[in-house]
Amino acid sequence: AQSVSQHNHHVILSEAASLELGCNYSYGGTVNLFWYVQYPGQHLQLLLKYFSGDPLVKGIKGFEAEFIKSKFSFNLRKPSVQWSDTAEYFCASWMDSSYKLIFGSGTRLLVRP
Amino acid sequence: DTGVSQDPRHKITKRGQNVTFRCDPISEHNRLYWYRQTLGQGPEFLTYFQNEAQLEKSRLLSDRFSAERPKGSFSTLEIQRTEQGDSAMYLCASSLENNEQFFGPGTRLTVL
């Protein structure tokens, strides 16, 4: 069955540190990949998405992700985090043959000022 | 506010009672999705509508759960004979064709 794995459940960083959150998916066909963020008390919001084309995707608020097909990975990166990036981050995939999003279990990021 | 809205935001009920949640999608979106999220987990797909047609249901959706989208606009999710295991956040999302899904704030259900 298709699945999405996020191996870092909790990450604590200081401001200005670099961030990389891991995401792996299990599906051999064409996938569409997403990173969603949920700030405390707010809705899930889309950070970025990959459908096709350039495997390096840039999103909002300085986030980017790289799709590496050979590694089934779509890791999220940010060169310098801010306290306001404290949130829960979810990787998700959407297979062409279905319309539902398959989410990872999420990574809670705490950025210390 | 033109985003996805859900009502109620919180619901506390006793085991065995029926509950109904409502979702109002973004007005031009033809696709509507329901997900369930429990503590420490990502959202899990429950069901999906394209206009008024329910096209897919997860195995998570037991026969106590029913969803409707009668006129292709708002949707309702009903849970009959609630159980403590139904306690979760129920999320609604909408999208336009094969595009990103926009999520509502969710309805938090607590079954006592």
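So, how was this worked out
Residues numbered from 1 in each chain as written. Chains lettered and ligands numbered in written order. Predicted model: local features only at pLDDT ≥ 70, side-chain atom pairs only at ≥ 80, totals over all residues. Heavy atoms only, no water. Phe/Tyr/Trp six-rings, centres within 6.5 Å; stacked < 30°, edge-to-face > 60°. Helix = DSSP H or I, 4+ residues; strand = E, 2+ residues; numbered from the N terminus. Buried < 20%, exposed > 50% of the residue type's maximum accessible area, 1.4 Å probe, protein only. Lys NZ or Arg CZ within 6 Å of the ring centre and 35° of its normal. Pairing = 2+ DSSP bridges. Axes fitted to C-alpha atoms, helices over the stretch in contact; angles between N-to-C directions. Polar contact = N/O pair within 3.5 Å; in protein donor to acceptor, adjacent residues only side chain to side chain. Contact = heavy atoms within 4.5 Å.

Attention now moves to the packing of aromatic side chains. For the structure on display, the rule yields 19 aromatic pairs over all chains. Measuring from centroid to centroid gives 6.0 Å for Phe103(A) and Phe103(B), while their planes differ by 75°, and the two rings are edge-to-face. Residue Phe103(A) is located in strand β11 (residues 102-103), and its partner Phe103(B) is located in strand β10 (residues 102-103); the two belong to separate chains. On the accessibility criterion, Phe103(B) (4% relative accessible area) is buried. Between Tyr35(B) and Phe45(B), the aromatic rings sit 6.0 Å apart at their centres with planes inclined by 75°, giving edge-to-face as the arrangement. Of this pair, Tyr35(B) sits in strand β4 (residues 31-37) while Phe45(B) sits in strand β5 (residues 44-50), and the two are ten residues apart along the sequence. Each of the two residues, Tyr35(B) as well as Phe45(B), counts as buried. The rings of Phe34(A), Tyr36(A), Phe51(A), Phe90(A), Trp94(A), Phe103(A), Tyr33(B), Tyr35(B), Phe45(B), Tyr48(B) and Phe103(B) are connected pair by pair, giving a single aromatic cluster. The lysine or arginine in question, Lys100(A), covers the ring of Phe45(B), its NZ or CZ lying 5.7 Å from the ring centre.

Residues and elements named next belong to chain B. Taken in spatial order, the four strands of this open sheet run β1-β3-β8-β7, and their pairing is antiparallel. A single partner strand is all that each edge strand has here, and the edge strands are β1 (5-7) and β7 (65-68). The sheet shows a mean angle of 15° between the axes of neighbouring strands, direction not considered. Pairing between strand β3 (residues 19-24) and strand β8 (residues 75-79): five bridges, direction antiparallel. Each bridged residue has a counterpart across the sheet, and for Thr-20 the counterpart in β8 is Glu-78.

A separate point is unusual backbone geometry. Between Asp7(B) and the following residue, Pro8(B), the backbone shows a cis peptide bond with an omega angle of -5°. Positive phi, normally seen in glycine, also occurs at Ala16(A), with a value near 80°. Checked against the element boundaries, Ala16(A) lands in the loop between β2 (10-14) and β3 (19-21). With relative accessibility at 55%, the residue Ala16(A) sits in the exposed group. Phi is positive for Arg81(B), which is not a glycine, with a value near 50°. Residue position: Arg81(B) is located in the loop between β8 and β9 (88-95). Relative accessible area serves as the criterion here: at 45%, Arg81(B) is assigned to the partly exposed category.

Bringing the side chain of Arg31(B) into the picture now. As for its position among the elements, Arg31(B) is in strand β4. At a separation of 3.1 Å, a polar atom in the side chain of Arg31(B) contacts the side chain of Gln50(B). Apart from the residues lying within four places of it in its own chain, the contact partners of Arg31(B) are Trp94(A), Tyr99(A), Tyr48(B), Phe49(B), Gln50(B), Arg69(B), Ala93(B), Ser94(B), Ser95(B), Glu97(B) and Asn98(B).

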